[in-house]
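Remarks on the overall topology
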Amino acid sequence: MRTVPRVACINDLSGYGRCSLTTALPVLSVMGVQACPAPTAVLSMHTGFPEYTFTDLADQLPAYFKSWASLDFDWIYSGFLGSVGQVASVREFFRLQRANHPDCRVLLDPVMGDDGRIYSTYTAALCDAVRQLAAEADVITPNVTEACLLTGTPYRGESLRTDEAYALADKLMKLGCEAAVITGIVRGDIICNLTCDRASREFTAVHRTKQLFSGTGDLFASVLCGSLAKGMTLSAATERAARFLSDVTQYTSEQNTDPMEGLLFEPLLLRLKEGYYE
Ligand code: PXL
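A brief look at the structure comes next. Computed from a predicted structure; not experimentally measured. (Residues numbered from 1 in each chain as written. Predicted model: local features only at pLDDT ≥ 70, side-chain atom pairs only at ≥ 80, totals over all residues. Heavy atoms only, no water.)

So, the overall build of the chain
A count of helices and strands for the chain gives eight helices and eleven strands. Compactness check: the chain gives a C-alpha radius of gyration of 17 Å against a globular reference of 19 Å for 278 residues, within 12% of the reference. Oriented by its inertia axes, the alpha-carbon framework of the chain measures out at about 50 × 40 × 40 Å. Across the chain, the fraction of contacts at a sequence separation of at least 24, relative to all contacts at a separation of at least 6, is 68%. Mean positive and mean negative side-chain charge positions of the chain (24 and 32 charges, respectively) differ by 4 Å. (Helix = DSSP H or I, 4+ residues; strand = E, 2+ residues; numbered from the N terminus. Rg over C-alpha atoms; globule rule 2.2 N^0.38 Å. Contact = heavy atoms within 4.5 Å. Lys, Arg positive; Asp, Glu negative; His and termini not counted. Charge placed at Lys NZ, Arg CZ, Asp CG, Glu CD.)

Take a look at the structure:
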């Protein structure tokens, strides 16, 4: 492993609201991972705000990735994708990296919706394209809404019984990915993540804060990606991400900020340095 692992972060840049690249870059850096951004779109604010500008960079992506062809990445971390064309470029990049560097791993966060609602930019064709992209990933990190969308399962809330969560995980694995982490399964005051790969299934549980904040999934996937890039197992990486998220959501809810501003992770970032959660 390199002293500083190298990760390609494919995500949008939203100028306000703590999500996507403005979350991934500081998290990976503090974890000792080189984060190389490939912006899929530039927004003035994330799409949860009533007004924002949106510049789609889909046309730029092929040349952007071409100029990276001689680089080798330890991980590719792909988040919010805004169009079918972007998905095609990302798939091409996965394939090229893997062909040249078989050790390259892919974490796909299928950022499609939350709390039973699909994001306004999502179309049925984009859902299909992301479903196909999931087949190429080593790890996918859907929340319950996204897991339902990806598998065509009717959404009945975030509280899944164990047998329902296992069934959803089995369907996700059938998409073709190597491992899946279903995030945000609600059990009263507890929030669980179900981690599964071809050999095992495991729940992690942490304290739940009732308020929902924008960018929570991005923060979870970023910590997971940094931990995996540093060589942790998926199980240990999930545990660390869940504990950090629990700390940050509790801290944020004590500050009484607008949930649209996202999670106030900055004061707690140094907890991601090695040792704190061991
Ligand atoms: O946090 C997910 C996300 C990422 N990127 C953009 C978004 C959202 C959620 O609303 O709007 C642009």
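Further notes follow.
Concerning the sheet that holds strand β3 (residues 54-56)
Spatial ordering of the open sheet is given by β3-β2-β1-β4-β5-β8-β9-β10-β11, a layout of nine strands whose pairing is mixed. Either end of the sheet is taken by a strand with one partner, and the two such strands are β3 and β11 (201-207). Here strand β1 (residues 6-14) runs beside strand β2 (residues 34-43); their pairing, made up of eight bridges, is parallel. Within β2, the residue paired with Leu-13 across the bridge is Val-42. (Pairing = 2+ DSSP bridges.)

Structural notes on the site of the ligand
As a structural note, the neighbourhood of the ligand is formed by Asp-12, Ser-14, Cys-19, Ser-20, Leu-43, His-46, Thr-47, Phe-80, Val-111, Tyr-119, Gly-215 and Asp-218. The side chain of Asp-12 places a nitrogen or oxygen atom 2.6 Å from a nitrogen atom of the ligand. Between an oxygen atom of the ligand and a side-chain N or O atom of Thr-47, the distance comes to 2.6 Å. When the ligand is considered free in solution it has 310 Å² of accessible area, and contact with the protein chains removes 94% of it. When atom positions are compared with the pocket grids, the ligand is found to occupy the largest pocket. Counted by class, the shell around the ligand contains five nonpolar, five polar and two charged residues. (Near = heavy atom within 4 Å. Polar contact = N/O pair within 3.5 Å; in protein donor to acceptor, adjacent residues only side chain to side chain. Areas by Shrake-Rupley, 256 points an atom, 1.4 Å probe, with all protein chains shown as cover. 1 Å grid on protein atoms, 1.4 Å probe; cavity = no way out; pocket = protein on both sides within 12 Å on 5 of 7 lines; lining within 4 Å. Sits in = over half its atoms within 2 Å of the grid points. Nonpolar A, V, L, I, M, F, W, Y, C, P; charged D, E, K, R; others polar.)

A word on empty space enclosed by the protein
Any empty space left between the atoms is revealed when a probe the size of a water molecule rolls over them. This structure, assessed with the given rule, holds one cavity of 30 Å³ or more. The volume enclosed by the largest cavity comes to roughly 30 Å³. In terms of lining residues, the largest cavity is bounded by Gly-79, Leu-81, Leu-108, Asp-109, Pro-110, Val-111, Tyr-122 and Val-130. The residue inventory of the lining of the largest cavity, partitioned by class, reads six nonpolar, one polar and one charged. (Points joined across faces, edges and corners; volume = space filled by probe spheres on them.)

A few points about the pattern of salt bridges
Two side chains that carry opposite charge are able to pair once their charged atoms sit near each other. Tallied over the full model, the rule gives 16 salt bridges. The closest approach of N and O atoms between Arg-117 and Asp-115, which form a salt bridge, is 3.8 Å. By sharing partners, the salt bridges in this structure join Arg-2, Arg-6, Asp-72 and Asp-74 into a single network. (Salt bridge = Lys/Arg side-chain N within 4 Å of Asp/Glu carboxyl O.)

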